[in-house]
Amino acid sequence: MSFHWNPFQKKNHDNNTDKKQVESPLHKDISENIAKLKLEFGDSTEIVIRTFHIGRHKDLPAVAIYMEGLADQNFVNKFIMESLMLHSSDIEEHASSKALFQSIKMNALTLSNVKILKVWDELVLSILSGSTIIMIDGWNEALVGETQGWEERAITEPTSQTVVRGPKDAFTESIKINVTLIRKRIKSANLRMETVQIGEVSRTQIAYMYIQGIAKEDLVQEVKSRLDKIHTDSILESGNIEEFIQDQMLTPFPQLINTERPDAAVGNLLEGRVVILINGTPFVLIAPATFFQFFQSPEDYYQRADIATFMRLLRFLVFFISLLAPSIYIALTTFHQQMLPFPLLINIAAQREGIPFPAFIEALIMEVTFEILREAGIRMPRAVGQAVSIVGAIVIGEAAVQAGIISPAMVIVVGITAISSFAIPSFNIAISARILRFIFMASAAMAGFYGMTLTAIVVVAHMNSLRSFGVPYLKPLSPFSLSEQKDIFLRLPQWFSQKKLSTIGNANEIKKPTNQASQDGD
Amino acid sequence: MVKEKISLLQFFVLLNLFVYGTNLVVGSGLDAKKDAWIAILIGVAGGILLFLMYYYLYTLYPDLSLVGYSQKLLGKYAGGFIGLLYIIFFIYEAARDLRDVGGVIGATVLNETPMIFISGVMILAIAYIIYLGIEVLARTAEIFWGFVVILGALGSLFFYFSGLIDVKQLLPLLESGWKPVLKAVYTNTIMFPFGEMVAFTFILPYIEKKKQVLKVGMAAVIVSGLLITYSTAINLSVLGVDIMTRSQFPLLSAVQGIEIMNFIEHLDVMAVLVLIIGVFFKISVFYYAAIVAMADLFKVTHKKRLIFPTAIIILNTSLIIAGNFTEHLNEGKFVLRTIFPIFAVGFPVLYCLIAFFKSKVTR
């Protein structure tokens, strides 16, 4: 039933195979190579091509090529230019090209990470990734020295997922730093990382990490094959990857978690999930994801169990308020007035006196207004941010009520809905609630609690039909598993689940990632 | 062919919801007056026997539905004809339950909404869940079963706290002897709800662990039977036998009496929620049984194509089935006495006998 919607897949796949056929080797003559390079880069000004002689070897000119800005200039000067030009006096004069090439690699180049390249395309890619290329006249191979070095944003506090107690570092835009942040926390050789490059144009570096022995083999293979299937021009953010590898398109529910917190990523690694890191974004993806994981915050594990349980239950409550509060109000005032205690009923009826709209329209106006305010608050320039809150407070709070368009009770309902939607730790599950809220409002307006119950059954059925990398979305509530209930609605004390820590390193039965029982039927 | 799997727990909750789905609200065994709950309790014993019979057939043909083995036992055409009758029976049953919903909702919470809308959205929602498959249906049942249990437990507590329960209403036991009780058992409580379990012969082949089906199935029958007994006894002790027999929806009338702290009152809407959920899954099971029966009988490879046309048939049947709700309920009593025993007992007993003698002969 799951279907992968990927209209570009076929077309781009063909392009890809074409490209591989025209791999061209390097030329022996470096002046030809330089000319070709200039042609290829269209005389870009930031490409530095430096011709020089190695030591006292005057016969064969050498050339160093790098991109300004991508390569660390000090680094190039000190470890390539200086070592080749000044400290290479012991290189035999009048040696052949091949011998010279070898001795540079073995003796002269004081860099730790040096590779040899023969193919033109790889050479271009290396320059574009910030490496420095060294070529010698008369030899058709090139030396590549890792000299990447550009300005990075420093590691800062997470902005979208904050905690009161817990580590304060967040991922940055650099995949290297991100991998380091994870490696620093797990000093185990079983932590594996594999990299792929995705994007015909952007050639973005993507890495996926997992812990051998905890993550299921099938899951890792599935992640790999789904990543391999992606054929697109560019990957700019983890969201691009997410759309390609999620199981189902037509759903308001997110099927992968994103986080900018290294501790959250590490926690998921230890639970057997795969973390996908994308160069250029601080948000990493975690697969597979189930519905209940979106209500977990890393802080749950740093606070004491009772506090954490309370906070988690609160979050579920908040999710339901954010999802259902306006529709319950609509259903109560439109169809089920008898359910309200009499004084409250009188009160609400008095408030609604003179309101020109039915409750549904009233709620719709307010909800849409609030959604606009929220969106405006995010997009507008910081400097004018205050204006939104002032206008919002006046429009929503005072004026609408005084003008007799909206009843005060409605304002309370919309207010509590809004606040609730901010208390959900994961932003993308909050968005699901926002979308579904309107559907629930419509069904409440049409058929009261009856309509809402049917909608709820349909939504739950839809969630049950979802899978994230083969794991049922509502697991472990359905299919129900008692042993996994200790970290869903409750967060039982750490010693309760001590067993799992001792099983790291061997393929274990207690904490497998995709243990969706065998009743999953696919 | 069987690819989807349901777990034992899912089977348990599905059977549970199925059995007390409509029964909690519409009530059964009221011919026995005060002793209705005894009639239901005896009905449970009958239910166990029925389940044993279905289970016997299931052990003989663990991968086949009732239509499948009726063709094996009686031949292609005779067996196929009985299969056809079962399809009509299930569609009729689904339509009856849909009409129950239309009637209860129309009479209680949505007074001015036309019935075609009430029934229409219900059957649409059910068609969607059937479209997603039996596994999704069972897993969804799992979640809503929990919800129903919580609501039921709360409701039960509220009855105690509001001091409505008067156990003396149940006394004296067996005022007019065993006769009316046994009559109610025969005419009513065995067939409704336990005879309807025949639809589960179409779901048993999907269960994952075949060995424990008997244990779990029996547990489900007993638990749900005790729950109905309990709820009927509570209703009787709250309302008294007079109001109980006159009321269309006894549970709703009983719940309406709850009043705690001037805040928790008029909980009949909550009872209606339980009804909606129960009936939803009950119709789903009949509907699904009808689809499977059709697919098996006519060798339809794409089961999903049958879903929407069947939904239309069920919806229309439910609308024309009776002129008003009282007629509908009276018809129900008639059907329970005449048609139900044929399908729930008659044919399965026939199959059991044929299968039994066949096995003797081959030996």
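Residues numbered from 1 in each chain as written. Chains lettered and ligands numbered in written order. Predicted model: local features only at pLDDT ≥ 70, side-chain atom pairs only at ≥ 80, totals over all residues. Heavy atoms only, no water.

## Looking at the pairing of strand E10 (residues 284-287) of chain A
All names here are of chain A.
- Burial along E10 is two-sided: the residues Val284 and Ile286 and Leu285 and Ala287 are all buried.
- Bridge analysis of strand E8 (residues 257-259) against E10 gives 3 bridges, and the strand direction is antiparallel. Pairing of Asn258 across the sheet is with Leu285, part of E10.
- Where strand E9 (residues 274-278) lies against E10, 3 bridges are found, and the strand directions are antiparallel. Considered in E10, the bridge of Val274 is made with Ala287.
- If you look at the hairpin formed by E9 and E10, you'll find 5 residues sitting between the two strands, and Gly280 has a positive phi there, around 100 degrees. (Buried < 20%, exposed > 50% of the residue type's maximum accessible area, 1.4 Å probe, protein only. Helix = DSSP H or I, 4+ residues; strand = E, 2+ residues; numbered from the N terminus. Pairing = 2+ DSSP bridges.)

## Quick word on the packing of helix H5 (residues 76-108) of chain B against helix H6 (residues 115-132) of chain B
All names here are of chain B.
- The N-to-C vectors of H5 and H6 enclose an angle of 130 degrees; their axes lie 9 Å apart at closest approach. With respect to H6, the element H5 is oriented oblique. With respect to the hand of their crossing, H5 and H6 are arranged in right-handed fashion. Within the contact between the two elements, H5 uses Leu98, Arg99, Val101, Gly102, Gly103, Ile105 and Gly106 and H6 uses Met115, Ile118, Ser119, Met122 and Ile123.
- Tallied by class, the residues present in the contact of H5 with H6 amount to 7 nonpolar, 4 polar and 1 charged. (Axes fitted to C-alpha atoms, helices over the stretch in contact; angles between N-to-C directions. Parallel < 35°, antiparallel > 145°, perpendicular 65-115°, else oblique. Left-handed = near helix turned anticlockwise from the far one by under 90°. Contact = heavy atoms within 4.5 Å. Nonpolar A, V, L, I, M, F, W, Y, C, P; charged D, E, K, R; others polar.)

## Digging into unusual backbone geometry
- Geometrically, the link from Ser478 of chain A to Pro479 of chain A is a cis peptide bond, its omega value of 0 degrees lying close to zero.
- Residue Pro193 of chain B follows Phe192 of chain B across a cis peptide bond; omega there is 15 degrees.
- Its place among the elements puts Pro193 of chain B in the loop between helix H8 (178-189) and helix H9 (213-246).
- Backbone geometry at Lys299 of chain B places phi at a positive 50 degrees, although glycine is not the residue there.

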